[in-house]
2 protein chains.
Amino acid sequence: MQRPEVLIVGGGPAGIGVAVALLQVGVRPLVLEARRVGASFLRWPRETRLLTPSFTANGFGLADLNAIAPRTSPAYTLGEEHPTGRAYARYLQAVAAHFAVPVLRERAKRVVYREGFFRVGTGRGTLEAPFLVWAVGEFFFPRYPFPGAFLALPYARVGSFARLAREAPERVVIGGYESGVDAALHLAERGVRVLVLDPEAPWERRTGEPSRDLSPHTLDRLRRAPRGRIRFRRTKVLALQLKGEGYVLLTEGGEVRTPHRPLLATGFGDGLEPLGGLLARGPEGHPLLTLEDESTLAPGLFLAGPKVRHGGSPFCFIYKFRARFPIVARAIARRLGRDEGPLEVYREEGMWLEDPACCEVRCAC
Amino acid sequence: MQRPEVLIVGGGPAGIGVAVALLQVGVRPLVLEARRVGASFLRWPRETRLLTPSFTANGFGLADLNAIAPRTSPAYTLGEEHPTGRAYARYLQAVAAHFAVPVLRERAKRVVYREGFFRVGTGRGTLEAPFLVWAVGEFFFPRYPFPGAFLALPYARVGSFARLAREAPERVVIGGYESGVDAALHLAERGVRVLVLDPEAPWERRTGEPSRDLSPHTLDRLRRAPRGRIRFRRTKVLALQLKGEGYVLLTEGGEVRTPHRPLLATGFGDGLEPLGGLLARGPEGHPLLTLEDESTLAPGLFLAGPKVRHGGSPFCFIYKFRARFPIVARAIARRLGRDEGPLEVYREEGMWLEDPACCEVRCAC
């Protein structure tokens, strides 16, 4: 194998997606993936499905919302509108195979930048390249936002809602955005009584912005949910404690007691720690990026995936963060003197967002 | 009211959509609608839903697949991914109101072209304008493709599958593309045993082209359908006859007898008859159009909606035919000397298809 020009850490939609974009412009990437391509999606609860709908409209400049490469479509590969995580991982693996993306099954342990090269330590020695794309996703990094949160069951460790439903007839879910409501719905459909706690009450929110509102798919599911089995409460959880045989949640609205381990659906961290001082962070902890999604501290280090953020707008869905793949690939192609023309197909299919500040979703009706 | 510059016949997605595009460039349209805005959708079977999913991704250049105007989204207006016909009509009415589209509740009876003006006869006299956009849709024009087809119940007259399911415990459905499978699924979910007949067997087809394959949404529904209640048979219906108390279908594979009125889901005609000689037709009966969707015989007459077709590609979904709204509006704006710049927003949102031949959907994976 020729020496890679770009090391990509993470073999999910962002890592494979950037690799495909780089291959279009003749740049040699190498994806480091600790588990398998699509590992995060393989760990999704079995029953959970993508909430953005897939559809094969790419011939009309409207790429499948869940596609990571032009002229591909999970709806086509899988014949499903809302694939499960497992099914979506099959699509990612099909894309990696179709575009012959080089993938090395190794965990990236340390990252060092020295003399124009990123050196990434793995179990089989150190790899190096002049460019590094960090694309580890977020699913493997649950956030524990209050004291005792580690006592709860993170959404990412659920495994199967069918199994969880058999364990207990009632369940408290902490967090009421997509993951929390998804958990509540799957459990309620299996007979569990659920209490969902969230200070923001996302179940009531209608801003038009998909990163803040529940998706139409989830709203549909809520309307069809078994009556009375899910209760929502607008309150903030301040702490979680073990007490006797059960749990006590201290909330702004008083104590909530439950004999069963609460489910934690309060979002995800960012997995950026191994980058240490190579990436600056803003006052709220978000990574600071240039207009090409490059680190402001370490030229050649790019971020891809759901933790990309510009202004107040997170790129937290596939159809959002993929629009930056051609931007990253173009930046690298230019520095290596390659022709960026082949990236035009991303623009044709609506997978191109030049100005990251322009991306708020607002609807008149 | 000022004299309209463009008469638009039909107040569905195509008519209202073209009117909105014309208003962007300062052209005065008048929509003639015999019933109410969204009348076709109001006549859909109560239970039927749009098969293309709605989602609010327009900030990322990915308009809601069912939107007819930029910066609008049925997913936002309705909070649903697959609206019913009734709900979608509410969205159309909201768009017409928001953009102040002038609508006259009159049926267009006759169309005459004389001395540079289209004269459209209505119950309240004749209207005239230098441009005419024909946008009557297809739903009100069932196709009767074999002798005796008129004996069957057209899909467009179903009204309610719940009611139909109560009428008979079994039903033959003629036609196995989206409408036929939709009917079969709704009936089967209500306990009816269904036999679907189609010589093309669309339920087996996987070409990647949405106008030929069943949609991902429908495939999902088929997978969840009650086992054994729907049978599919690849055969062509040649004729339908009344016999005694029941019906006999003569098919290529022999006779099929049923005591209950078969359901006809064999597609739609085009409602172009009132245009008479103003529109040429190709060898297969399709209307012949210029690259601006204008009649090749009568300059100033444009076609909009699902019967627009170029090469072998029908524009038979909303997300397809809406991509021609700005093309028609631009053609008219240019001839009237108006600035076409405001149409750029259609391009930004992926609602713009310049070259109608380029629109086939093909997926690598």
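Calculation criteria
- Residues numbered from 1 in each chain as written.
- Chains lettered and ligands numbered in written order.
- Predicted model: local features only at pLDDT ≥ 70, side-chain atom pairs only at ≥ 80, totals over all residues.
- Heavy atoms only, no water.
- UniProt positions renumbered as here; feature names shortened; annotations may be inferred.
- Helix = DSSP H or I, 4+ residues; strand = E, 2+ residues; numbered from the N terminus.
- Pairing = 2+ DSSP bridges.
- Polar contact = N/O pair within 3.5 Å; in protein donor to acceptor, adjacent residues only side chain to side chain.
- Contact = heavy atoms within 4.5 Å.
- Buried < 20%, exposed > 50% of the residue type's maximum accessible area, 1.4 Å probe, protein only.
- Buried area = accessible area lost by both parts, 1.4 Å probe.
- Salt bridge = Lys/Arg side-chain N within 4 Å of Asp/Glu carboxyl O.
- Axes fitted to C-alpha atoms, helices over the stretch in contact; angles between N-to-C directions.
- Parallel < 35°, antiparallel > 145°, perpendicular 65-115°, else oblique.
- Left-handed = near helix turned anticlockwise from the far one by under 90°.
- Nonpolar A, V, L, I, M, F, W, Y, C, P; charged D, E, K, R; others polar.

Student: Please set out the UniProt feature "transmembrane region" (unreviewed entry) in chain A residue by residue, giving values where relevant.
Tutor: The UniProt entry lists residues 6-27 of chain A under the feature "transmembrane region" (unreviewed entry), expressed in the numbering used here. Structurally, residues 6-27 of chain A is divided into 55% helix and 18% strand, and its ends, taken at the C-alpha atoms, are 8 Å apart.

Student: Describe in detail the pairing of strand S14 (residues 254-258) of chain A, supporting the description with residues and values.
Tutor: Residue and element names in this part refer to chain A. By the bridge criterion, 5 bridges tie strand S13 (residues 246-251) to S14 in an arrangement that is antiparallel. Residue pairing in the sheet places Val248 in a bridge with Arg257 of S14. Taken together, S13 and the strand that follows it, S14, pair antiparallel across an intervening segment of 2 residues.

Student: Break down the side chain of Glu106 of chain B for me, with residues and values.
Tutor: All names here are of chain B. With respect to the secondary-structure elements, Glu106 resides in the loop between strand S3 (103-104) and strand S4 (110-114). Polar contacts involving the side chain of Glu106 include one to the main-chain amide nitrogen of Gly123, which spans 3.2 Å. Ignoring any residue separated from it by four or fewer positions in sequence, one finds Glu106 in contact with Leu32, Glu33, Ala34, Thr122, Gly123 and Arg124.

Student: Can you break down unusual backbone geometry residue by residue, with the values?
Tutor: The phi dihedral of Ala201 of chain A is positive, around 45 degrees, even though this residue is not glycine. Locating Ala201 of chain A in the fold gives a position in the loop between strand S10 (193-197) and helix H7 (216-224). Phi is positive for Ala100 of chain B, which is not a glycine, with a value near 50 degrees. Within the secondary structure, Ala100 of chain B is located in the loop between helix H4 (85-98) and S3. Residue class for Ala100 of chain B comes out exposed when judged on its relative accessible area of 55%.

Student: How would you summarise the interface of chain A and chain B if you had to cite specific residues and measurements?
Tutor: Each partner contributes residues to the interface: chain A has 54 residues there, and chain B has 54 residues. When chain A packs against chain B, the two sides together hide about 4,200 Å² of surface, and 65% of this comes from carbon and sulfur. The interface formed by chain A and chain B holds 0 salt bridges in total. The interface formed by chain A and chain B contains 8 residue pairs in polar contact (both at pLDDT 80 or more). Within the residue set of the side of chain A that touches chain B, elements represented by two or more residues are helix H3 (74-78), helix H4 (85-98), H7 and helix H8 (318-321) of chain A. Among the elements that make up the side of chain A that touches chain B, the one with the highest residue count is H7 of chain A (5 residues).

Student: So what about the packing of helix H1 (residues 13-24) of chain B against H4 of chain B? Which residues, and what values?
Tutor: Two quantities define a packed helix pair, namely the angle between the axes and the distance from one axis to the other. All names here are of chain B. Contact pair H1 / H4: the axes reach a minimum separation of 10 Å and the direction vectors enclose 20 degrees. Of the possible angle classes, the one that applies to H1 and H4 is roughly parallel. Viewed along their axes, H1 and H4 form a crossing whose handedness is left-handed. Mapping the contact onto sequence places Pro13, Ile16 and Val20 in H1 and Tyr88, Leu92, Val95 and Ala96 in H4. Taken together, the residues that form the contact of H1 with H4 break down as 7 nonpolar, no polar and no charged.

Student: I'd like to hear about the pattern of salt bridges, residue by residue, with values.
Tutor: Residue and element names in this part refer to chain B. Per the counting criterion, the structure on display carries 44 salt bridges over all chains. Arg71 serves as the salt-bridge partner of Glu348, at 3.9 Å between the closest nitrogen and oxygen. Taken together, the residues Glu348 in helix H10 (residues 344-348) and Arg71 in the loop between helix H2 (39-42) and helix H3 (74-78) connect sequence positions 277 residues apart. Residue Arg257 pairs with Glu255 through a salt bridge whose shortest N-O separation is 3.0 Å.

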